[in-house]
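# Summary of structural features
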Amino acid sequence: MGAEASGSGPALRELVREAETSLLECKVCFERFGHRQQRRPRNLPCGHVVCLACVAALAHPRTLALECPFCRRACRGCDTSDCLPVLHLLELLGSALRPAPAAPRAAPSAPGVLTCHHAFGGWGTLVNPTGLALCPKTGRVVVVHDGRRRVKIFDAGGGCAHQFGEKGDAAQDIRYPLDVTVTNDCHVVVTDAGDRSIKVFDFFGQIKLVIGGQFSLPWGVETTPQNGVMVTDAEAGSLHLLEIDFPEGVLRRTERLQTHLCHPRGVAVSWLTGAIAVLEHPLAVGTGACSTTVKVFSSSMQLIGQVDAFGLSLFFPSKITASAVTFDHQGNVIVADTSNLAVVCLGKPEEFPVLKPIITHGLSHPVALTFTKENSLLVLDSAAHSIKVYKVDWG
């Protein structure tokens, strides 16, 4: 038994090396895939995977037409999409040589632990979804994804009620959506990494406003109780508050609330306290691996709580990688954890961290969270291309 355990380390390292050679490098340029723009793995319609730099090099400069370098099937550069399995494998191998015990499981019927009651979406209906929001007036669910129409709206039963936001290069099109929010008066706000802009639509899909030229990489977006819009800029390291006249489609004011943040992405606002939670993604020095930090500010932008991966490791047996953040109706901070495929409650900011797993099974790659008025938790599972609805099961 001891000899078998002692041999597992070299065997695992050999498996990682084989995966890096066979799966994690582009077979056109032989460069390693990565999360940075030019090295992101892209699916061609035929199923082969190449890096974005090779897609750009192979595509015709005007028509974007290209042939797959392996099977010669014709396609267009704009018909490619991120290869999420390779991106997920890149994240997993960053910690493959470290032991990662599974998150502790609680009894499904215990109060506070959530169980999945149903799911909707699925492959084809959604393609590599990245952002999730609820319409506060109608209760409809809004998702942004990599389909031909980037914004999809679901009714209470999980059926597709409406979709809009064409995939294209025009100002009103959506190139690469990262996140979405719905304002108090039912306007849909999308962060578009493709042209580094913020796009505002009415609930029927008519473009109202395009805000470009102000952000390096707008990422997370959230509505405030006062109907303002919070936006993180991942490249500039900043947090902004936008005041928009939505009926008129006019940007009234932009305020930079925080600077010197470290690659901020997700953002959430508590409607109970006005607190603002931001997810930072600092890069570990020398490794290129990504860690996470949760910072919570008061409504007056005073730092009231902070915890990073190291701090969480003192209380939890395995590494936590936060991919999304929200507040529950009691003001607790809730994060999605892609390392343990779980959702964890961190407690109130002044109590950080009070770790309590509330979902420990049934997830593949959670990337967005939001609570309904009825206190159900919606989880956007990117790897399953679906929205999963979790509720407290009282037994």
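Residues numbered from 1 in each chain as written. Predicted model: local features only at pLDDT ≥ 70, side-chain atom pairs only at ≥ 80, totals over all residues. Heavy atoms only, no water.

Under an unreviewed UniProt entry, the name given to the protein is E3 ubiquitin-protein ligase NHLRC1, and the organism recorded is Delphinapterus leucas. The protein has a UniProt comment under Catalytic activity (unreviewed entry) that states "S-ubiquitinyl-[E2 ubiquitin-conjugating enzyme]-L-cysteine + [acceptor protein]-L-lysine = [E2 ubiquitin-conjugating enzyme]-L-cysteine + N(6)-ubiquitinyl-[acceptor protein]-L-lysine." Note on the protein: under the UniProt heading Pathway (unreviewed entry), the record states "Protein modification; protein ubiquitination." (UniProt positions renumbered as here; feature names shortened; annotations may be inferred.)

### Digging into the pattern of salt bridges
Under the counting rule described, the total for this entry stands at 13 salt bridges. Notably, a salt bridge pairs glutamate 243 with arginine 253, separated by 2.8 Å at the nearest N-O pair. Here the residue glutamate 243 occupies a position in strand S17 (residues 238–245), and arginine 253 occupies one in strand S18 (residues 250–258), the gap between them amounting to 10 residues. Here arginine 252 ties to aspartate 245 by a salt bridge, and the two come within 2.9 Å at their closest N and O atoms. One salt-bridge network, held together by shared partners, links Arg40, Arg42 and Asp82. (Salt bridge = Lys/Arg side-chain N within 4 Å of Asp/Glu carboxyl O. Helix = DSSP H or I, 4+ residues; strand = E, 2+ residues; numbered from the N terminus.)

### Observations regarding the side chain of histidine 187
In this fold, histidine 187 is placed in the loop between strand S11 (177–182) and strand S12 (188–192). According to the relative accessible area criterion, histidine 187 is buried, its value standing at 9%. If we skip the residues at most four places from it in the chain, histidine 187 touches Thr181, Val182, Val200, Phe201, Asp202, Lys208, Phe246 and Pro247. (Buried < 20%, exposed > 50% of the residue type's maximum accessible area, 1.4 Å probe, protein only. Contact = heavy atoms within 4.5 Å.)

### Considerations on the sheet that holds strand S25 (residues 342–347)
Here we have four strands laid out as an open sheet, ordered S23-S24-S25-S26, and antiparallel in their pairing. Looking at the sheet topology across the chains shown, the edges are occupied by strand S23 (322–327) and strand S26 (356–359). The average undirected angle you get between the axes of adjacent strands in this sheet is 30°. One ladder, built from three bridges, connects S25 with S26; its direction is antiparallel. Across the sheet, residue cysteine 345 finds its bridge partner in S26, namely lysine 356. (Pairing = 2+ DSSP bridges. Axes fitted to C-alpha atoms, helices over the stretch in contact; angles between N-to-C directions.)

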